[in-house]
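# Report on the structure
Here is what each chain is made of, one letter per residue.
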Amino acid sequence: MSEYKIPCELIQDLIPLYVDGLTSDVTNSYMQEHFLVCAVCQKKYEMMNQSIASEEEEMKIEEQKEIDYLKKVKKSNRKKLFIGFISAVLIILIAIFVKVYIFGYETDSYTITNFELDRQNSAAVIEGSFDGTKSVYCRYKIVSQKDGTQKVVIYGCPPSPWHKEKDFQFDIPIDSIKQELKVDDATINYHGILVSPLARNLIEARNPYVGDMPANERIAQLLNIEDSLGSYENELQTDKSPYSWTLKFKSVVTDSHAFDKRMESYASLLMFSIDNLEKVNWTYEEKFPNTIRTHKASITRAECAKFVGELDPKIKSPYFCQELINYLNEAKYPSN
């Protein structure tokens, strides 16, 4: 029989449960009494307790390592995300900068000041300016249209060390034009024939009947007759042929030859634009050394045809209209 109330074998079987705190208070009391008198069981209890404590410590260390690793990974991911975000922002800002300051943006806030043909170099010369705007000239691009024509697109940008000039000039070789090239409201075809906005506006404003005075005045305003030669009064003859339009100028003229040449050019454009206009008359006061006399002049459709070609109402070509405009531009008034 054992010298202890509870045999050591039973106590030792209960030690794991006791260490884990799974035994009852009564059992705990008996075991504590036994440990006081049994050094062997006390020793085994201490060893098991230390082993479990050591395992728990190791687990804590491993858990801490895992936590530290996860914290490191999380910190690294945050750093990568931050770097990625900053990189993305920088790329976007650089792209915007390059787009705005280097390549520019399509705009119509410019004025074409000259559009002419350089026959010697077989090129269209285009000049313009961004005066009155915050933008400066950046570049131009020729864009193909669905109808087979081409269009000059002009790009502006804010002032920068790369682009700082408001005025611009560039040449477009005629052999690069496939069919027709549009520059603002003007065009040039592959033959090098220019058509100004005025020519197209006159085509659109064509009037079949000279008796329609508002339509006549619309054409005269497009031609800037009053700005060029002075104010005038109108008189129409629509009862019988030749149907005519008389412009009675209020000007006092000293150079009648230059005035008449200019008016002849205007008359050709008026008869081109008004289908049944057969004759244009004009009067003005001509100044001589000692007197002023009323000067009268006129030109018929047939007479115009001698120097500009036949003014057939069926001809509605903007190119022919442009030739008439070119003739007008050569007829300076006052003469230099």
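The structure displayed is predicted, hence computed values, not measured ones.

On the surface, a cluster of negative charge is made up of Asp20, Glu55, Glu56, Glu57, Glu58, Glu62, Glu63 and Glu66. Within the fold, Asp20 resides in the loop between α1 (8-19) and α2 (25-37).

It is worth spelling out the packing of α1 against helix α3 (residues 39-103) at this point. When two helices pack together, their arrangement is given by the angle between their axes and by how far apart the axes lie. Where α1 meets α3, the closest approach of the two axes is 10 Å, and the angle between their N-to-C directions is 25 degrees. By the angle between their axes, α1 is roughly parallel relative to α3. In the packing of α1 onto α3, the handedness of the crossing is right-handed. Between α1 and α3, the residues in contact are Cys8, Ile11, Gln12, Ile15, Pro16, Tyr18 and Val19 and Val40, Cys41, Lys44, Tyr45, Met48, Asn49 and Ile52, respectively.

As a further point, take the packing of aromatic side chains. For the coordinates displayed, the defined rule picks out 16 aromatic pairs. Measuring from centroid to centroid gives 6.3 Å for Tyr110 and Phe168, while their planes differ by 75 degrees, and the two rings are edge-to-face. Here Tyr110, found in the loop between β1 (105-106) and β2 (111-118), pairs with Phe168, found in strand β6 (residues 167-173); they are 58 residues apart in sequence, far enough to count as distant. Here Tyr110 and Phe168 have matching classes, each one buried. The interplanar angle of 10 degrees and the centroid separation of 4.0 Å between the aromatic rings of Tyr140 and Phe170 together place this pair among those described as stacked. Here Tyr140, found in strand β4 (residues 136-144), pairs with Phe170, found in strand β6; they are 30 residues apart in sequence, far enough to count as distant. Judged by relative accessible area, Phe170 falls into the buried class, the value being 7%. Of the aromatic side chains, those joined through ring pairs into one cluster are Tyr110, Phe130, Tyr137, Tyr140, Phe168 and Phe170. Lying over the aromatic face of Tyr155, Arg139 brings its terminal NZ or CZ to 4.0 Å of the ring centre.

So, about the nonpolar core. Generally speaking, nonpolar side chains in soluble globular proteins are found buried as a group. Judged by nonpolar contacts, the single largest core of 41 residues is most densely connected at Ile225, Trp245, Phe249, Val280 and Trp282. Looking at this core element by element, the count peaks at 8 residues for helix α7 (residues 256-273). One finds Val152, Leu181, Val183 and Leu194 within the second-largest nonpolar core, a separate group that totals 18 residues.

This paragraph deals with the packing of helix α4 (residues 197-204) against helix α5 (residues 213-223). Two elements in contact, α4 and α5, have axes whose closest approach is 10 Å; the angle formed by their N-to-C orientations is 180 degrees. In terms of orientation, α4 and α5 fall into the roughly antiparallel class. Contact with α4, carried on its side by Leu198, Asn201 and Leu202, involves Ile219, Leu222 and Leu223 of α5 and no other residues of that element. Its residues assigned to classes, the contact of α4 with α5 shows 5 nonpolar, 1 polar and no charged.

Turning next to the pattern of salt bridges. All told, the structure shown has 3 salt bridges when counted by the stated rule. For the salt bridge of Glu180 with Arg200, the shortest nitrogen-to-oxygen distance reads 3.5 Å. Placement of the pair is Glu180 in strand β7 (residues 180-183) and Arg200 in helix α4, with a sequence separation of 20 residues. Ionic pairing is found between Asp275 and Arg206, a salt bridge with its closest N-O pair at 2.9 Å.

Once that is clear, we can look at the sheet that holds strand β10 (residues 232-237). Through backbone hydrogen bonds, the strands of a sheet pair up, either in parallel or in antiparallel fashion. As summarised here, the arrangement of the 4 strands in space is β10-β11-β12-β13, forming an open sheet in which the pairing is mixed. The strands lining the two open edges of the sheet, one partner per strand, are β10 and β13 (292-300). Strand after strand, the sheet turns through a mean of 20 degrees between neighbouring axes, direction not considered. Alignment of strand β12 (residues 279-287) against β13, held across 9 bridges, turns out to be antiparallel. Bridging across to β13, Glu285 finds its partner in Thr294.

Moving on to the state of the cysteines. Throughout the structure, instances matching the rule amount to 0 disulfides. Unpaired in terms of disulfides, Cys41 finds its nearest cysteine sulfur in Cys38, a separation of 3.6 Å.

What follows deals with the sheet that holds β6. Taken together, the 3 strands give an open sheet; going across it, the order is β2-β3-β6, and neighbouring strands pair in antiparallel fashion. Only two strands of the sheet have a single neighbouring strand rather than two, namely β2 and β6. Across the sheet, the mean angle from the axis of one strand to that of its neighbour is 15 degrees, orientation sign disregarded. As paired elements, β2 and strand β3 (residues 123-129) share 7 bridges and run antiparallel to each other. Each bridged residue has a counterpart across the sheet, and for Leu117 the counterpart in β3 is Ala124.

Right, let's talk about a nonpolar patch on the surface for a bit. A contiguous nonpolar surface patch, about 950 Å² in accessible area, is contributed by Phe82, Ile83, Phe85, Ile86, Val89, Leu90, Ile92, Leu93, Ile94 and Ile96. Following the sequence through the fold, Ile94 ends up in helix α3.

Of the pockets and cavities examined, the largest pocket occupies roughly 550 Å³. Along its surface, the largest pocket is lined by 25 residues, and Leu194, Ser196, Gln322, Asn326 and Asn329 are the ones closest to its centre. Of all the secondary-structure elements, those providing two or more residues to the lining of the largest pocket are β2, β9 (194-195), α4, α5, α7 and α9 (318-330). The element contributing the most residues to the lining of the largest pocket is α9, with 7 residues.

Scoring rules and cut-offs
- Residues numbered from 1 in each chain as written.
- Predicted model: local features only at pLDDT ≥ 70, side-chain atom pairs only at ≥ 80, totals over all residues.
- Heavy atoms only, no water.
- Patch = residues over 30% accessible without salt bridge, like charges linked within 9 Å, V, L, I, M, F, W, Y side chains within 5 Å.
- Areas by Shrake-Rupley, 256 points an atom, 1.4 Å probe, with all protein chains shown as cover.
- Salt bridge = Lys/Arg side-chain N within 4 Å of Asp/Glu carboxyl O.
- Lys, Arg positive; Asp, Glu negative; His and termini not counted.
- Charge placed at Lys NZ, Arg CZ, Asp CG, Glu CD.
- Helix = DSSP H or I, 4+ residues; strand = E, 2+ residues; numbered from the N terminus.
- Axes fitted to C-alpha atoms, helices over the stretch in contact; angles between N-to-C directions.
- Parallel < 35°, antiparallel > 145°, perpendicular 65-115°, else oblique.
- Left-handed = near helix turned anticlockwise from the far one by under 90°.
- Contact = heavy atoms within 4.5 Å.
- Phe/Tyr/Trp six-rings, centres within 6.5 Å; stacked < 30°, edge-to-face > 60°.
- Buried < 20%, exposed > 50% of the residue type's maximum accessible area, 1.4 Å probe, protein only.
- Lys NZ or Arg CZ within 6 Å of the ring centre and 35° of its normal.
- Core = buried A, V, L, I, M, F, W, Y, C linked by side-chain atoms within 4.5 Å.
- Nonpolar A, V, L, I, M, F, W, Y, C, P; charged D, E, K, R; others polar.
- Pairing = 2+ DSSP bridges.
- Disulfide = S-S within 2.5 Å.
- 1 Å grid on protein atoms, 1.4 Å probe; cavity = no way out; pocket = protein on both sides within 12 Å on 5 of 7 lines; lining within 4 Å.
- Points joined across faces, edges and corners; volume = space filled by probe spheres on them.

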